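# Examining the three-dimensional arrangement
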Amino acid sequence: MRLTVALMLAPFALAACGERAEEPAPTPAEAVSAAPAGSDAAPAAPRVLDAADLRRVCRAGLAAIHGQAVGDIAIDGLEGRVVNASWRAPVDGGRRRARCRVEGDLITWKPADAVNPDQARWMNRSGDPVTRFVLDGGAVTINTTLPDGTTATETYSLAAGQEVR
């Protein structure tokens, strides 16, 4: 009887000894968008952008994201902390419109006039490119990381008086 019970419990005991399933490694875009590791240094408070800097950062970010010249991006308005922008559509000559917001050093955007509900969303999901910025005086540097790990860096010179067209 004891031998039968031992033989019946043995597969369960051996199954529990198997290798654990590892969690999948984060994609390069997820790793970039993850919060930075803590340090012993005093944490720096994130800089809150004023309206002029917010417009400059969004203008440069949308230019980099959509492959446009920064001078082609028009700022149409500001609703709280969200910038409304537009530019000439390269294919049909119409207008493309987008909304842009900044959280810390991360730029997120969404199409303002997307017909497809799946596209009318903030582009901040897993699998979306991650766009960060560095503001240094009149220069705005945009760093983009694509889901496959490819990176691109663009620097735009935008003086404070250039943010509104």
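Provided above is the structure to which this section pertains.
Now for a quick tour of the structure. The shown structure was predicted, so the numbers you read here are calculated from the model rather than taken from an experiment.

A separate point is the state of the cysteines. Cysteine pairs can be linked by a disulfide, which is a covalent bond between their two sulfur atoms. Applying the stated criterion across every chain yields a total of one disulfide. Two residues, Cys-58 and Cys-100, share a disulfide whose sulfurs are 2.1 Å apart. In this structure, the disulfide formed by Cys-58 and Cys-100 twists by about -80 degrees around the S-S bond and is classed as left-handed. Placement of the pair is Cys-58 in helix H3 (residues 51-66) and Cys-100 in strand S3 (residues 95-103), with a sequence separation of 42 residues. For the pair shown, Cys-58 and Cys-100 are each scored as buried.

Put simply, the second largest pocket is a space of about 170 Å³. Around the second largest pocket sit 14 residues that line it, and Ala-64, Ile-65, Pro-129, Thr-131 and Thr-144 are the ones nearest its centre. Put simply, the parts of the chain that give the lining of the second largest pocket at least two residues each are H3, strand S4 (106-111), strand S6 (139-145) and strand S7 (151-157). In terms of residue class, the lining of the second largest pocket is built from nine nonpolar, three polar and two charged.

Of all hydrophobic cores here, the largest spans 25 residues; its most connected members are Val-57, Val-102 and Phe-133. At the level of elements, H3, strand S2 (82-88), S3, S4, strand S5 (130-136) and S6 are the ones that each hand at least two residues to this core. Looking at which element gives the most residues to this core, the answer is H3, with six residues. Not counting residues within four places of it along the chain, the set of residues in contact with Phe-133 comprises Leu-49, Val-57, Val-102, Gly-104, Asp-105, Leu-106, Ile-107, Thr-141 and Ile-142.

This brings us to the pattern of salt bridges. Applying the stated criterion across every chain, the model contains six salt bridges. For Arg-132, the salt bridge is made with Asp-105, and the minimal N-O distance between the two is 2.6 Å. Of this pair, Arg-132 sits in strand S5 while Asp-105 sits in the loop between S3 and S4; the two residues are 27 residues apart in sequence, bridging distant segments of the chain. The class of Arg-132 is buried, set by a relative accessible area of 17%.

Let's shift gears to the sheet that holds S6. With respect to topology, seven strands assemble into an open sheet ordered S1-S2-S3-S4-S5-S6-S7, the strand pairing being antiparallel. Only two strands of the sheet have a single neighbouring strand rather than two, namely strand S1 (74-79) and S7. Between one strand axis and the next, the sheet turns by 30 degrees as a mean value, whatever way the strands run. In this sheet, S4 lies alongside S3 in antiparallel orientation, the contact comprising six bridges. Directly across from Cys-100, in S4, lies its bridge partner Trp-109. Across the sheet, H3 lies against S1, S2, S3, S4, S5, S6 and S7, angled at about 125 degrees from S3, the strand it touches most.

Take the packing of aromatic side chains next. Under the defined criterion, the tally for this structure stands at zero aromatic pairs. The positively charged end of Arg-101 is found above the aromatic ring belonging to Trp-122, 3.9 Å away from the centroid.

Turning next to the pairing of S3. The two faces of the sheet receive side chains in turn, since in a regular strand these alternate between them. The pairing of S2 with S3 spans seven bridges and is classified as antiparallel. Bridging across to S3, Val-82 finds its partner in Arg-101.

Another aspect to go through is the pairing of S6. With respect to burial, S6 is a largely interior element, five of its seven residues being buried. The pairing of S5 with S6 spans seven bridges and is antiparallel. Each bridged residue has a counterpart across the sheet, and for Val-134 the counterpart in S6 is Thr-141. Hairpin connection from S5 to S6: two residues lie between these consecutive antiparallel strands, with Gly-137 at a positive phi of about 65 degrees. Of the strand pairs in this sheet, S6 and S7 are connected by seven bridges, and their pairing is antiparallel. Bridge pairing links Thr-144 to Ala-152 in S7. Connecting S6 to the antiparallel partner S7 that follows it, the hairpin turn spans five residues, and Gly-149 within it adopts a positive phi of roughly 95 degrees.

So, how was this worked out
- Residues numbered from 1 in each chain as written.
- Predicted model: local features only at pLDDT ≥ 70, side-chain atom pairs only at ≥ 80, totals over all residues.
- Heavy atoms only, no water.
- Disulfide = S-S within 2.5 Å.
- Helix = DSSP H or I, 4+ residues; strand = E, 2+ residues; numbered from the N terminus.
- Buried < 20%, exposed > 50% of the residue type's maximum accessible area, 1.4 Å probe, protein only.
- 1 Å grid on protein atoms, 1.4 Å probe; cavity = no way out; pocket = protein on both sides within 12 Å on 5 of 7 lines; lining within 4 Å.
- Points joined across faces, edges and corners; volume = space filled by probe spheres on them.
- Nonpolar A, V, L, I, M, F, W, Y, C, P; charged D, E, K, R; others polar.
- Core = buried A, V, L, I, M, F, W, Y, C linked by side-chain atoms within 4.5 Å.
- Contact = heavy atoms within 4.5 Å.
- Salt bridge = Lys/Arg side-chain N within 4 Å of Asp/Glu carboxyl O.
- Pairing = 2+ DSSP bridges.
- Axes fitted to C-alpha atoms, helices over the stretch in contact; angles between N-to-C directions.
- Phe/Tyr/Trp six-rings, centres within 6.5 Å; stacked < 30°, edge-to-face > 60°.
- Lys NZ or Arg CZ within 6 Å of the ring centre and 35° of its normal.

Scope: geometric values only; no functional claims are made or implied.
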